[in-house]
Amino acid sequence: MEHKMFCFQCEQTAGCSGCTGNAGVCGKSSATAALQDELTGALIGLAKACGNNPRTEDTTHILIEGLFTTITNVNFNDETLREMIARVREEKGRVVPGCAACMSPCGNTSDYDMKRMWEADEDIRSLKSLILFGIRGMAAYAYHAMVLGYTNEEVNDFFYRALFAVGEDFEMEDLLPLVLETGKVNLTCMEMLDRANTETFGTPVPTEVPLMVEKGPFIVITGHDLYDLKLLLEQTKDKGINIYTHGEMLPAHAYPELKKYPHLKGNFGTAWQNQQKEFASLPAPILFTTNCLMPPKASYEDRVFTTGSVQFPNTPYIKDENGHKDFTPLIKKALELGGYSSDQHFTGINGGTKVMTGFGHGTVLGVADQVIAAVKSGDIRHFFLVGGCDGARVGRNYYTEFVKQTPKDTMILTLACGKYRFNDLDLGTIGGLPRILDMGQCNDAYSAIRVAVALAEAFDCGVNELPLSMVLSWYEQKAVCILLTLLHLGIKNIKLGPTLPAFISPNILNYLVDNYGIAPITTPEADLAEILG
């Protein structure tokens, strides 16, 4: 049977093997999948063209934007995908102006046919997928830092080298070091974004966020782009419109330069995969700044706005005009809809009415002495990092039950949207600190790494010798680059779920098991017993 498409980059891929029909599980059509492959092939051609030729001032921006566009649940719009492909090819024409008119083309700068990768030896395909999906995730972080005026040449250069490698007939011994280097460079990229966010918006502070929505006009903003939120807060100031975060935007409440706005009121809803239900009767517009966008249902499609790399057909798009975005259409829609006629009291998945955030490395390391003393005294027996991407696959309630069953003398560090499975639970405190510490967005895995390294230094041991276990959930490509960073750091015995990536071949999985002890989650009871002995 001939495949209409092939995509296995996300956790929900069909049959845990790959989406091959008329549409992917994420909702993108086979035509959209083909255009994403064409865009990736064009990006590889651009990277090859830059091998021996100087880039223009726009090349890297286009490369990063193009990679970000191919992340799961970002762009469903075939028209804008074609425009992005054209931009990439036009940029290649500026880098190597003579190639297009060459009468004897050498092929050195040609676009890459992604079918060559999908149909390659499964181990080669697996390693190339780890590299490609890793740099797609890393491109999202580089994009957000770039919006704030931060770049890093090591990170930028690596995008070109990695894309070049994906397009070459390299062997396993050439690709495996590049897989681990992807993790190394992503650590640099996450550090850059952490610095960009904290220098722009301040160091996050512990903040209680209500789940109530007040009566009157409001806007829900989702995604990861803090700068978009800043612009929206400025433009809605004194207009009688409240702003509520959603999904991965929740940690914005902890940044001083954002929380100072009194109309940033609280958080609406839970993780991304529940949006089609949660937005169905929402009397307010929703702004998507990044993934994860699901194809909007008819019940709310007239209220969806997108910006940045997020695109959906026939959906209003807020353009960036030299760093400025005009949210007037969004504001008018909020005033037109009017919001709720009375205050609405919502809860989290477990019935909680508020959540906490703001426990990044700046806060946790600020009380490091207390944490170290609590470990030495036995008040804290173990740390668990339970976090990552959430998703719709059956079995993700594992993470809720795991956290519920952790002993009272253990701490839960969490981040990304996977925390919505349990972040409204009240598990009490240890030494004045909540047992659940929300460290932020997915890129704030950097905070968890900083804390782990600091604890290892304090106890004069390696990270793997700490009373720390990582129980992670994954969905899309940003989780891939974070996993590669953890492997680069030599962190072992990570438990991963709810399923293992379809793009990891049996041989590559054996390598990861043998060298890093990666294992799939089983049951909360069995995994806790194994970890705690």
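Anything mentioned here points back to the structure above.
Keep in mind it's a predicted model, so treat the numbers as computed, not measured.

A. Layout of the overall build of the protein. A tally of helices and strands in the protein yields 18 helices and 18 strands. A compact globule built from 533 residues would reach a C-alpha radius of gyration of about 24 Å, and the protein, at 23 Å, matches this within 12%. Expressed as lengths along the three principal axes of its C-alpha atoms, the size of the protein is roughly 75 × 60 × 45 Å. Looking at the protein as a whole, 59% of its 533 residues qualify as buried. A separation threshold of at least 6 residues defines the contact pool for the protein, and within that pool the share at least 24 residues apart is 75%. Accessible surface, the protein as shown: approximately 20600 Å² in total, 51% of it carbon and sulfur.

B. Region of the structure containing the sheet that holds strand S11 (residues 382-388). Pairing is parallel across the open sheet formed by six strands, whose spatial order is S15-S12-S11-S16-S17-S18. On the outer flanks of this sheet lie strand S15 (436-438) and strand S18 (519-520), each paired with one strand and no other. As paired strands, S11 and strand S12 (residues 410-414) are joined by four bridges and run parallel to one another. Note that in S12 the partner of Leu 385 across the bridge is Leu 413.

C. View of the packing of aromatic side chains. Counted according to the given criterion, the structure contains 22 aromatic pairs. Both rings, one in Phe 133 and one in Phe 503, keep their centres 5.0 Å apart while their planes meet at 75°; by these two values the pair is edge-to-face. Taken together, the residues Phe 133 in helix H5 (residues 122-147) and Phe 503 in the loop between strand S17 (495-497) and helix H17 (506-516) connect sequence positions 370 residues apart. An identical accessibility class is assigned to Phe 133 and Phe 503; each is buried. Where Phe 218 meets Tyr 340, the ring centres are 5.6 Å apart and the plane angle is 20°; that geometry is what we call stacked. Here Phe 218 is found in strand S3 (residues 218-222), whereas its partner Tyr 340 is found in the loop between helix H11 (328-337) and strand S9 (344-345), with 122 residues between them in sequence.

D. Structural view of a negative patch on the surface. A cluster of acidic residues, Asp 121, Glu 122, Glu 171, Glu 173 and Asp 174, forms a negative patch at the surface. Looking at the secondary structure, you find Glu 173 in helix H7 (residues 172-201). In this structure Glu 173 comes out as exposed when scored by relative accessible area, which is 59%.

E. Up close: helix H13 (residues 368-377). Ala 368, Val 371, Ile 372, Ala 374 and Val 375 are the residues of H13 that are buried. All buried residues of H13 project into a common sector of 160° when viewed along the axis, lining one side. Exposed side chains of H13 directed beyond 90 degrees from the buried face belong to Asp 369 and Lys 376. Looking at the packing, one finds that the buried side of H13 touches helix H12 (361-364), S11, strand S14 (433-434) and helix H15 (445-458). Just downstream of H13 lies Gly 378, where phi reads positive at about 90°.

F. Geometry of the sheet that holds strand S5 (residues 264-267). Taken in spatial order, the six strands make up an open sheet running S5-S4-S3-S6-S7-S8, and their pairing is parallel. Whereas interior strands pair on both sides, the edge strands pair on one side only; in this sheet they are S5 and strand S8 (317-318). Two strands pair when backbone bridges link them, and strand S4 (residues 242-246) and S5 are joined in this way by three bridges, in the parallel orientation. For Ile 243, the partnering residue across the bridge sits in S5 and is Leu 264. Against the sheet, helix H8 (residues 226-236) makes contact with S3, S4, S5, strand S6 (286-288) and strand S7 (304-307), and its axis sits at roughly 170° relative to S3, the strand it touches most. The strands that H11 touches are S3, S6, S7 and S8; relative to S3, the one it contacts most, it runs at about 130°.

G. Spatial organisation of the pattern of salt bridges. Going through the model one piece at a time under the given rule, you end up with 25 salt bridges. Arg 94 serves as the salt-bridge partner of Glu 91, at 2.7 Å between the closest nitrogen and oxygen. With a gap of three residues between them, Glu 91 and Arg 94 both fall in helix H3 (residues 78-95), about one helical turn apart. By relative accessible area, Glu 91 is classed as buried at 0%. Classification of Arg 94 as partly exposed rests on a relative accessible area of 47%. Glu 181 is the partner of Arg 161 in a salt bridge, and the nearest nitrogen-oxygen pair spans 2.3 Å. Of this pair, Arg 161 sits in helix H6 (residues 153-166) while Glu 181 sits in helix H7, and the two are 20 residues apart along the sequence. When its relative accessible area of 41% is taken as the criterion, Arg 161 is described as partly exposed.

H. Representation of the packing of helix H1 (residues 30-49) against H6. Packing of H1 against H6 brings their axes to within 8 Å, and their N-to-C directions diverge by 115°. One way to sum up the angle between H1 and H6 is to call them roughly perpendicular. The chirality of how H1 crosses H6 is left-handed. Between H1 and H6, the residues in contact are Leu 43, Ile 44, Ala 47 and Lys 48 and Tyr 160, Leu 163, Phe 164 and Val 166, respectively. Residues belonging to the contact of H1 with H6 are distributed by class as follows: seven nonpolar, no polar and one charged.

I. Representation of the pairing of S12 within the structure. Most of S12 sits inside the fold, with five of its five residues counted as buried. With burial as the criterion, each face of S12 is covered, one bearing Thr 410, Ile 412 and Thr 414 and the other bearing Met 411 and Leu 413. Read as a crossover between parallel neighbours, the route from S11 over helix H14 (residues 397-405) to S12 is right-handed. Note: S12 against S15, three bridges, orientation parallel. Counted as the bridge partner of Leu 413 is Leu 437 from S15.

Thresholds applied
Residues numbered from 1 in each chain as written. Predicted model: local features only at pLDDT ≥ 70, side-chain atom pairs only at ≥ 80, totals over all residues. Heavy atoms only, no water. Helix = DSSP H or I, 4+ residues; strand = E, 2+ residues; numbered from the N terminus. Rg over C-alpha atoms; globule rule 2.2 N^0.38 Å. Buried < 20%, exposed > 50% of the residue type's maximum accessible area, 1.4 Å probe, protein only. Contact = heavy atoms within 4.5 Å. Areas by Shrake-Rupley, 256 points an atom, 1.4 Å probe, with all protein chains shown as cover. Pairing = 2+ DSSP bridges. Phe/Tyr/Trp six-rings, centres within 6.5 Å; stacked < 30°, edge-to-face > 60°. Patch = residues over 30% accessible without salt bridge, like charges linked within 9 Å, V, L, I, M, F, W, Y side chains within 5 Å. Salt bridge = Lys/Arg side-chain N within 4 Å of Asp/Glu carboxyl O. Lys, Arg positive; Asp, Glu negative; His and termini not counted. Charge placed at Lys NZ, Arg CZ, Asp CG, Glu CD. Arc of directions from axis to C-beta. Axes fitted to C-alpha atoms, helices over the stretch in contact; angles between N-to-C directions. Parallel < 35°, antiparallel > 145°, perpendicular 65-115°, else oblique. Left-handed = near helix turned anticlockwise from the far one by under 90°. Nonpolar A, V, L, I, M, F, W, Y, C, P; charged D, E, K, R; others polar. Right-handed = clockwise from strand over helix to strand, strands pointing away.

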